[in-house]
Amino acid sequence: MQKDSPNIVISAGRGVSDLFLINRNQLKAKARNLTKNRFNATGEVDISPNGDILFTNSPTNAFIEVDVGLYLMPSDEVKKVKPQATLLKEGSIDFFRWSPDSEQFIYIDRFGTGLFLYNLRTGKDSLITKDKMQPTYSYPVFSPDGKKLAFIYQPKIEPGFELEVISLETLYPELLPDDPGGNLRFSSLKWPTESYFVYRKHNRQKKKTEHFVIRADGSGSPEQILKGMEDMFENGLRGFDLGSSTFAVEPTNRLTTVWGKIKAENTK
């Protein structure tokens, strides 16, 4: 979802997937196909606050001549009848996310050992963190002000998962809550406001997916959200996205009945 915009971009399709643009204010217009099988099968996708789109692709037998990697489709191209995209990073790229200012993005090389920050203006990478023991990094996300980065970290030599927060100015870890039991799998990390994170976990003992919020300063305990909806499904709620819609507290159309009418009906 594009922040402060009705636009949603998804990667979907039967067999060979494509990118589709949906405007929530114009649902009758249906989804618009941006790629039309021109980039093989599209994979992950993220849209910046400015409307620039990053996406990955994978090879298919029908389109073997298309390079596999991470592509950029600028917002100006999105408006065109046949949008073009530029290959930024060749190879297998995963867990990429735009920064709030739309000028850089974080990503993980599936065959590498660290997280990288790519500056769109300079076209250069910066290695954010690296571990000689080759841990697993996943779901990196920027803070709302773009000054910090959070990600899920899984050491290779020890069981369990950790949530790390580092400052992009000092690259110093600030928060390290862990998974003491080793029974949880954290995923889908989001940082909607400065004060808290939202994440998903799969409890292996309960065999169920649940969603939680935790304060970014490390105080307090995680609190479960969406429990009522999760209980409706056997395996819990797979995921959700954060929007900016607001709704009135009181209903717009009130249902009222005059007391005299009720009294008259009950005395018949």
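Residues numbered from 1 in each chain as written. Predicted model: local features only at pLDDT ≥ 70, side-chain atom pairs only at ≥ 80, totals over all residues. Heavy atoms only, no water.

Peer 1: Which parts of the structure should I look at to understand the overall build of the chain?
Peer 2: Along its length, the chain carries three helices and 19 strands. When each of the 268 residues of the chain is scored for burial, the buried share is 39%. A separation threshold of at least 6 residues defines the contact pool for the chain, and within that pool the share at least 24 residues apart is 32%. Entry remark: accessible area of the chain is about 16,600 Å², with carbon and sulfur atoms responsible for 50%. (Helix = DSSP H or I, 4+ residues; strand = E, 2+ residues; numbered from the N terminus. Buried < 20%, exposed > 50% of the residue type's maximum accessible area, 1.4 Å probe, protein only. Contact = heavy atoms within 4.5 Å. Areas by Shrake-Rupley, 256 points an atom, 1.4 Å probe, with all protein chains shown as cover.)

Peer 1: Help me understand a nonpolar patch on the surface in this model?
Peer 2: On the surface, Met229, Met232 and Phe233 cluster together to form a nonpolar patch covering roughly 340 Å² of accessible area. Mapped onto the elements, Met232 comes out in the loop between helix 2 (227-230) and helix 3 (259-266). Owing to a relative accessible area of 64%, Met232 belongs among the exposed residues under this scheme. (Patch = residues over 30% accessible without salt bridge, like charges linked within 9 Å, V, L, I, M, F, W, Y side chains within 5 Å. Salt bridge = Lys/Arg side-chain N within 4 Å of Asp/Glu carboxyl O.)

Peer 1: Looking at this structure, I do not really get the pattern of salt bridges. What am I missing?
Peer 2: A side chain with one charge may pair with a side chain of the opposite charge, provided their charged atoms come close. For the structure on display, the rule yields two salt bridges. A salt bridge links Glu77 to Lys80; the shortest N-O distance between them is 2.9 Å. Using a relative accessible area of 43% as the deciding quantity, one classes Lys80 as partly exposed. For Asp125, the salt bridge goes to Lys89, with nearest N and O atoms at 2.5 Å. Of the two residues, Asp125 sits in strand 11 (residues 124-130) while Lys89 sits in strand 7 (residues 86-90), which places them 36 residues apart along the sequence. We classify Asp125 as partly exposed; its relative accessible area is 33%.

Peer 1: Help me understand the confidence of the model for the chain in this model?
Peer 2: Segments scoring low in pLDDT should not have their predicted coordinates read at a detailed level. Of all residues in the chain, 70% attain a pLDDT of 70 or more, and the chain-wide mean is 76. The low-confidence segment residues 173-184, where pLDDT is below 50, has 35 contacts with residues more than four positions distant or belonging to other chains. (pLDDT = per-residue confidence, 0-100.)

Peer 1: I would appreciate a short explanation of the sheet that holds strand 4 (residues 41-47) in the present structure.
Peer 2: Two strands in a sheet stick together by hydrogen bonds in their backbones, pointing the same way (parallel) or opposite ways (antiparallel). Strand order across the open sheet formed by four strands is 4-5-6-7, with antiparallel pairing between neighbours. With partners counted over all chains shown, the strands left at the sheet margins are strand 4 and strand 7, one partner each. Each neighbouring strand pair of the sheet contributes to a mean axis angle of 30°, computed without reference to strand direction. Where strand 6 (residues 69-73) meets strand 7, four bridges bridge the pair, whose relative direction is antiparallel. For Gly69, the partnering residue across the bridge sits in strand 7 and is Glu90. (Pairing = 2+ DSSP bridges. Axes fitted to C-alpha atoms, helices over the stretch in contact; angles between N-to-C directions.)

Peer 1: Please clarify how the environment of Tyr107 should be interpreted in this entry.
Peer 2: Take Tyr107: it is sitting in strand 9 (residues 104-109). Taking the C-alpha atoms as reference, Tyr107 lies 6.6 Å from Arg97; in sequence the two are 10 residues apart. Filtering out sequence-adjacent residues up to four positions away, Tyr107 remains in contact with Lys89, Ile93, Asp94, Phe95, Phe96, Leu115, Phe116, Tyr118 and Asp125. For Tyr107, the side chain forms a polar contact with the side chain of Lys89, separated by 3.4 Å. A distance of 3.2 Å separates a polar atom in the side chain of Tyr107 from a polar atom in the side chain of Asp125. (Polar contact = N/O pair within 3.5 Å; in protein donor to acceptor, adjacent residues only side chain to side chain.)

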